[in-house]
Every structure is written in structure tokens, then in C-alpha cells.
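Residue strings, one per chain:
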Amino acid sequence: MIRYNVDERQQPIRDAVREFAEKEIVPVAQELDRRPEPQAFPHDYYKKLADQGYIGFPMPKEYGGQGRSSIEYTTLCEELSYWDAPSNLLSAVAVLALEPIAMYASEEQKKKYIPKAISGEILPAFALTEPNAGSDAANQSTVAKVDGDDYLITGEKIFIMHGDVADTFVVFGKMEDSEARGKISAWIVEDNGNGSIRKETLKYKMGMKAATTGRLWFDNVRVPKENLLGEPNKGFRYAMGTLDSARIGVAAQGVGIAQRALDESIEYAKNRQAFGAPIAKLQAIQWMIADMQVRVEAARGLTYRSAVKKDAGEKYSLDASMAKLYATEIARFCVDRAMQIHAGYGYIGEFSVIEKLYRDQRIMEIYEGTSEVQRLVIANTLLR
Ligand SMILES: Cc1cc2nc3c(=O)[nH]c(=O)nc-3n(C[C@H](O)[C@H](O)[C@H](O)COP(=O)(O)OP(=O)(O)OC[C@H]3O[C@@H](n4cnc5c(N)ncnc54)[C@H](O)[C@@H]3O)c2cc1C
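Considering the environment of Gln52
Structurally, Gln52 can be placed in the loop between helix H2 (43–51) and helix H3 (70–104). Residue class for Gln52 comes out partly exposed when judged on the 15 C-beta atoms lying within 10 Å of it.

Topic: the site of the ligand
Near the ligand you find 19 residues, and of these Leu128, Gly134, Ser135, Thr370 and Glu372 are the closest. Mapped by element, the contributors of at least two residues to the shell around the ligand are strand E1 (124–127), strand E3 (150–161) and helix H10 (371–383). Of the residues contributing to the shell around the ligand, the split by class is 11 nonpolar, 6 polar and 2 charged.

Concerning unusual backbone geometry
The residue after Glu37, namely Pro38, is reached through a cis peptide bond having omega -10°. Here Pro38 is to be found in the loop between helix H1 (10–33) and H2. The backbone of His162 sits at a positive phi, close to 65°, despite the residue not being glycine. As for its position among the elements, His162 is in the loop between E3 and strand E4 (168–175). Take His162: there are 25 C-beta atoms within 10 Å of it, and that puts it in the buried class.

Observations regarding the pairing of E3
Here strand E2 (residues 143–147) runs beside E3; their pairing, made up of 5 bridges, is antiparallel. Of the residues in E3, the one forming a bridge with Asp147 is Asp150. Taking the residues that link successive antiparallel strands as the turn, the E2-E3 hairpin has 2 residues, and the phi of Gly148 there is positive, at about 60°. Here E3 pairs with strand E7 (residues 213–224) via 9 bridges, running antiparallel. Its bridge partner lying in E7, Glu156 is registered against Trp217.

Considering the environment of Arg237
For Arg237, the position within the fold is in helix H5 (residues 235–271). When the C-alpha positions of Arg237 and Gly182 are compared, they lie 9.2 Å apart, and in sequence the two are 55 residues distant.

Looking at the domain arrangement of the protein
Here the domain parsing of the protein yields domain 1 (10–119), domain 2 (124–234) and domain 3 (236–383). Centre-to-centre, using C-alpha coordinates, domain 1 lies 22 Å away from domain 2. Domain 1 puts 24 residues into the contact, and the matching count from domain 2 is 20 residues. Secondary structure elements with two or more residues in the side of domain 1 that touches domain 2: H1, H3 and helix H4 (107–119). When residues of the side of domain 1 that touches domain 2 are assigned to their parent elements, the largest contribution, 13 residues, is made by H3. For the side of domain 1 that touches domain 2, the residue count by class is 19 nonpolar, 3 polar and 2 charged.

Rules of the game
Residues numbered from 1 in each chain as written. Predicted model: local features only at pLDDT ≥ 70, side-chain atom pairs only at ≥ 80, totals over all residues. Helix = DSSP H or I, 4+ residues; strand = E, 2+ residues; numbered from the N terminus. Buried ≥ 20, exposed ≤ 12 C-beta atoms within 10 Å, placed from the backbone. Near = placed C-beta within 6 Å. Nonpolar A, V, L, I, M, F, W, Y, C, P; charged D, E, K, R; others polar. Pairing = 2+ DSSP bridges. Domains from an automatic or database assignment. Contact = placed C-beta atoms within 7 Å.

Given below as C-alpha cells:
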């Protein structure tokens, strides 16, 4: 079915992703999901996404990107997630790490890191979360000491997408003399291979398995002073600004996976026979389909509304939170209804994609701020 588009640039992106997906994503998605633990990072597959332009899609043209608008990038996220949400995550992780550089870094830093990351020459990661700083991201324990012309960074990060294999990190932490809560800073940290950064792949992740997740230990990692990102003590603002933007992308993941669950359900309901007729003739099934359709379209509306506002230069933080909250929660509703409609053939992965959709969806309500944190942002905005 033709999707609702807010402007004419979207349909060509949807068509191009479909073409790419049929050739490159669909044949390997199940296989990438089922690699033995600990799952290795799919370097060759990632390079294909980079070569297709999907890493640099929203990055400025002067740094080798395609300079696409938020509406266009959101469309890319939605469509990739329709075909295989982990494939979207692989590219979205790079965008998440590059956005603070594109938004807040110096000209030299932008030129040094963005083009190489877009081409796949370097692999970036966004390292904010710590064992005691998840939703409470300001509670950073990572510390930077000044040592001559360098910083020495020590700390631990957890749940960092691609953190197990990345070579370039946007790392958040505090200056050793910064006592005030929330006064955090950000650095671009390169792994020079001298062993001061230790990495581990986290095992037995529920879904989104093509993209790996890591734990990291920084032990007096030497970082030149010029690798401070932006100004000292402004890191929390940079992190939150980055997450506002990334939340539109996660909302799009929700819309994509929800639409896939719906389309699979429609197809299945028309073909599966019970009591001498397709189950699509049963009102119980029809109502599930109708409920999914309404939610998918409402989520799509909220998601593109935030992208439109972002492109217009308006404040969009509230919109991004509403979209992320709603789209990821209705995605859970839709994968669950799809499972019910497919019943046994949904639960067993060898018969359909529903079991994978069910697992891939769940993280969307957790990363880039949990649903509870989105409710907090929404309520705080309204009540201030
Ligand atoms: C697969 C995966 C990938 C990730 N990728 C990255 C990444 O690339 N980079 C990165 O930096 N981080 C990443 N994260 C971290 C992710 O953003 C955090 O897991 C998330 O923000 C929640 O933090 P937490 O898990 O510590 O939960 P906690 O913050 O401990 O939350 C526990 C529970 O308490 C609730 N809660 C906490 N505070 C409040 C509050 N004030 N009001 C109401 N409820 C509250 C939460 O909603 C949740 O239900 C990733 C996580 C996962 C699992």
C-alpha cells in the first residue's frame, strides 16, 4: 500500500530502499540474526550500507554526506526498519555518534572525522551510558584529568552500540575539577590500540542482533586537548540535543516495524484458512487489523510532524518525545497483534518473520530514553 508522505521527496527514498532491501537486506537478515554468540560485527554488510550512502544520508554535503533533510532521513529510517530494523540501527548508530560532531565540534574535527565515518573507514560510537548513569545520564563517573597538553580519561561505559568494535568514540564524562551535577563534557576519543581502552561484546541480546553492543573500560586514555568536543561542561546539552534528534529516528523505527507487522498480518489473514474460510473473514481478526492500521498512521503522523518541525528550525523536543513514545509503544502493540494473528506460525521463527519483529521491537522503548523518560520530558514541558 502507498504510504502517507508529507512531501514528494519521500516516495523515491521508499522505492530505493525497497530495491536495496530486496537485493541486499532480505537475503541476509535472518542469517545475521542467528549468528552464534558472541556475535561478530558484520563489517562487510556495514560497508554495503555505507557504500549505499545510508551512513552519510543526513550529514552535511561539505563533509561528504548527502545533506538530506530530517523528513528524508526519517523516511530512510522508517523504510530500512520495515525491511530489517537492525539494518537501520547499523546506520543510525553512526549517525548518532556523528551528530554531536556535526552540531557542536570545531571545523577541524568535522573535517577529520565525518567523511571517514561516512565512507566506513572509521567506525564511530556514542558513549554516554554507564553502569550508574542510564536514564540519569548526568550522573557520570567517567573522569578526565588534565595532563600537560592532554586529557587522561578513565571510566566505564555500558550498552554502547558498536562499542565492542568501534575505533572512534564520542565519550561523555566530567572534568576532574567539576563538582556540579550535570556539568559534563564530551571528547572525541580514538582507540590507538595501546590497550588503554578495553572492549567486550555483550552477549544474548534479545533482538537487533546484526548490530553489536559493547561494554568499555577507559584506563587513563590519553586524549589530546584539541579532541574536546565543543566547550567544557556543555556536554549534557550536547548529549540531550543529539538524543532529541535521534528520537525521531527511533520513532521511525517503530513506524517501520509496526507497518511490517500489519502488512504481514493482512497477507497472512487472507491466506490462512480456518473453519472453511480465510481468517480475514473473522471479525476478531478484522478488528485487530483495524486497530493496527489506526495506530500505525497516527504514529507516522506524529513522527513526520517532528521531522517537519526540525527541518523548519522550530523547537521539536516535545514532538520528538511524543513520537518516540507513541510509535515505539504502538510498535509493541502491532508486533503482538501480528503474533496473535499468525499464532503458532508467528511464534516459531522458521515459519515467519513475526518472531524476529517481536524481539527487534522491544529495545525501541528503552534506548534513546525509556518510555518513562519520554513521559517525563512531555509532562515537564507542559507543566513548566
Ligand atoms: C541494546 C542497547 C543499546 C544501547 N545503545 C546505547 C548507545 O549506543 N550509547 C549509549 O550511551 N547508551 C546506549 N544504551 C543505553 C540506553 O540508553 C539505556 O539503557 C537507557 O537510557 C536506560 O538506562 P538503564 O538501562 O540504565 O535503565 P535505568 O535508568 O536504570 O532505568 C530503570 C527503570 O527505571 C525507570 N526510570 C529511571 N528514571 C526514571 C524517572 N526519573 N522517572 C520514571 N522512571 C524512571 C526507567 O524508565 C526504567 O524503567 C543502549 C541500551 C541498550 C540495551
